[in-house]
Amino acid sequence: MIKIEASVSKGWLHKFGGFDFTDQYYLNPIYRWEQDSKINEFVREKFPRFAIYNMEANLVQARYVRDNQVLVGAIQPNMILATLLGARFSFSADKDADVSGRPLEFISDINNLPSPESILEHSLIKDLDKQILNIGDTLPELRAIPPFFWDESGRATIHGIITTSLKLTGDNIMIIMMSDPDLAHAIHQWIVDAYVILINHFAGLAELPVTSVHVGECAGTMISSELYEEFVVPYISQLGNKLGAVRLHTCGVSDHILGAISHIQNLKIIDTGSGTSVAKIRELMGPDFEINVAPPLEFLLDGIPQSEILDWLDKTLTENQNGPLQIAYHIETDYDIRNCLVIHEELEKRGLISNTRLY
């Protein structure tokens, strides 16, 4: 019932492995596959006994990763959507990619947006299509994993509704929800329609059936339960009804929106950052509901005694009440590796896991 899976950040890989993450890494899938193969070996050598991998934070499922998988357009979902609307990619050798520009910063009329169907004609989508088809034609021994997917599980991944509208409009979405709620609803509906069209397009092209959807509602904690209920829940419910079981990610302390979250249709997993009450999720969702949780980053930092993270682990396991639980974290440059590994070691000591790697 207990699982643990961790990953290493691009900043950590740059600092300790000398790896760079330039535009070629994101835009040339064969170059990325070759570099990821080297990174995978580096990480295996660093952590030979532990389930710690080179993978996008908390999006990849290690049991569905194979050495021949080539990630095409493996860029964060809301960045792809922003670029389709006019933003520009921004790449840095030592950190995650981003975009510059907020393409909907001054939107006042939903009719100014392109139809969701028309974004398939964008040059970026056409380029990604060609990359997928080219791999299939010229390198049949490799398996192209398309944009919005990270492994062969068929779990699509997108950013959440308010998280995407925040990327597209900047802080203005917070004002729009209050001053022009009809426009906010229209923007959120457009986001849902665009994601569904893109996911189905790439799933069909890569012959990877959609099985479920991860929705990264990172910014959801910034709004009230009432706003979450009105402007987020209906749209994630649509995604659950159209794409399959929902794994909802929420960053940080999310107790105030758990009631609203529980109303999302086809919700199967809550993936929460540190500070959220595992006991409250268990109370709301029942004993068989899967919870994914991240340890508090402040307990993983260099110089923090291991007793802090072990106390957190004790509390989390107690609140979980023996339900399905996965612990996941992303190693950053200022973490004390010993504080990370002690979680794995303590779980094994208690007979809850066996420390092994899947790849």
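Shown above is the structure to which this text applies.
Residues numbered from 1 in each chain as written. Predicted model: local features only at pLDDT ≥ 70, side-chain atom pairs only at ≥ 80, totals over all residues. Heavy atoms only, no water.

Here we come to the overall build of the protein. In terms of regular secondary structure, the protein is built from 14 helices and twelve strands. Computed over C-alpha atoms, the radius of gyration of the protein comes to 20 Å, within 12% of the 21 Å expected from 2.2 N^0.38 for 359 residues, which places it in the range of a compact globule. Expressed as lengths along the three principal axes of its C-alpha atoms, the size of the protein is roughly 60 × 50 × 35 Å. With 359 residues in all, the protein has 55% of them scored as buried. The contacts in the protein between residues at least 6 apart in sequence include a share of 71% that link residues at least 24 apart. (Helix = DSSP H or I, 4+ residues; strand = E, 2+ residues; numbered from the N terminus. Rg over C-alpha atoms; globule rule 2.2 N^0.38 Å. Buried < 20%, exposed > 50% of the residue type's maximum accessible area, 1.4 Å probe, protein only. Contact = heavy atoms within 4.5 Å.)

Under the criterion given, the structure shown has eleven aromatic pairs. Measuring from ring centre to ring centre gives 5.0 Å for Tyr 26 and Phe 91, while their planes differ by 15°; the resulting arrangement is stacked. With a gap of 65 residues between them, Tyr 26 in helix α2 (residues 23–27) and Phe 91 in the loop between β4 (88–90) and β5 (98–100) connect regions that are remote in the sequence. Look at Phe 91 and you get partly exposed, because its relative accessible area is 24%. Of the aromatic side chains, those joined through ring pairs into one cluster are Trp 12, Phe 16, Phe 19, Phe 42 and Phe 47. Residue placement shows Lys 10 over the ring face of Phe 21; its charged tip is 5.7 Å from the ring centre. (Phe/Tyr/Trp six-rings, centres within 6.5 Å; stacked < 30°, edge-to-face > 60°. Lys NZ or Arg CZ within 6 Å of the ring centre and 35° of its normal.)

Moving on to the pattern of salt bridges. Close approach of charged atoms lets side chains of opposite charge pair. Within this structure, the stated rule accounts for 14 salt bridges. Between Arg 350 and Glu 346 there is a salt bridge, and its shortest N-O distance comes to 2.9 Å. Among the residues examined, Arg 350 registers a relative accessible area of 35% and is labelled partly exposed. One salt-bridge network, in which partners are shared between bridges, spans Lys 10, Glu 56 and Asp 96. (Salt bridge = Lys/Arg side-chain N within 4 Å of Asp/Glu carboxyl O.)

A word on the packing of helix α6 (residues 161–169) against helix α8 (residues 181–205). Running from N to C, α6 and α8 cross one another at 105°; their axes reach a closest spacing of 10 Å. One finds that α6 runs roughly perpendicular with respect to α8. The residues of α8 that touch α6, namely those facing Ile 161, Ile 162, Thr 164, Ser 165 and Leu 168, are Ile 187, His 188, Ile 191, Val 192 and Tyr 195. Residue composition of the contact of α6 with α8, grouped by class: seven nonpolar, three polar and no charged. (Axes fitted to C-alpha atoms, helices over the stretch in contact; angles between N-to-C directions. Parallel < 35°, antiparallel > 145°, perpendicular 65-115°, else oblique. Nonpolar A, V, L, I, M, F, W, Y, C, P; charged D, E, K, R; others polar.)

Where burial is concerned, most of helix α4 (residues 77–84) is hidden: eight out of the eight residues are buried. For α4, the set of buried residues is Pro 77, Asn 78, Met 79, Ile 80, Leu 81, Ala 82, Thr 83 and Leu 84. After α4 finishes, the residue Gly 86 shows a positive phi value of roughly 125°.

This part is about the sheet that holds strand β7 (residues 155–159). In a beta sheet, neighbouring strands are held together by backbone hydrogen bonds and run either parallel or antiparallel to one another. Pairing in this open sheet of eight strands is parallel, and the strands run β2-β1-β12-β11-β10-β9-β8-β7 from one edge to the other. What marks the edges here is a single partner per strand, and that holds for β2 (52–53) and β7. Inspection of the sheet shows strand β1 (residues 2–8) paired to strand β12 (residues 325–331) by seven bridges, in the parallel sense. Looking across to β12, one finds that Glu 5 is bridged to Ala 328. The strands touched by helix α10 (residues 233–243) within the sheet are β7, β8 (212–217) and β9 (245–250), with β8 carrying the most contacts at an inclination of about 165°. Where helix α14 (residues 337–349) meets the sheet, its contacts fall on β1, β2 and β12, and the angle it forms with β12 comes to roughly 160°. (Pairing = 2+ DSSP bridges.)

With that settled, consider α8. The first and last C-alpha atoms of α8 sit 36 Å apart over 25 residues, in line with the 36 Å expected at 1.5 Å per residue. Following α8 by one or two positions, Glu 207 has its phi on the positive side, about 55°. (Expected span 1.5 Å × (residues − 1).)

Turning our attention to unusual backbone geometry. For Phe 148, which is not glycine, the phi dihedral falls at a positive 75°. We classify Phe 148 as buried; its relative accessible area is 3%. With a phi close to 55°, Glu 207 is a non-glycine residue in the positive phi region. You can call Glu 207 exposed: its relative accessible area is 66%.

As a further point, take the pairing of strand β10 (residues 267–272). Counting buried residues along β10, five of its six residues qualify, which places the element largely inside the surrounding structure. Both β10 and strand β11 (residues 290–293) contribute to a ladder of four bridges, which runs parallel. Of the residues in β11, the one forming a bridge with Ile 269 is Glu 290. Following the backbone out of β10, through helix α12 (residues 278–285) and into the adjacent parallel β11, one traces a crossover that is right-handed. (Right-handed = clockwise from strand over helix to strand, strands pointing away.)

Moving on: the pairing of β12. Along β12, seven of the seven residues are buried, which leaves the element largely enclosed by surrounding structure. Taking every second residue as pointing to the same face, both faces of β12 are buried, with Leu 325, Ile 327, Tyr 329 and Ile 331 on one and Gln 326, Ala 328 and His 330 on the other. Here β11 runs beside β12; their pairing, made up of three bridges, is parallel. From the neighbouring strand, Val 293 faces β12, where its bridge partner is Ile 327. Handedness of the crossover is the feature at issue here: the chain leaves β11, passes through helix α13 (residues 306–320), returns alongside β12, and the resulting connection is right-handed.

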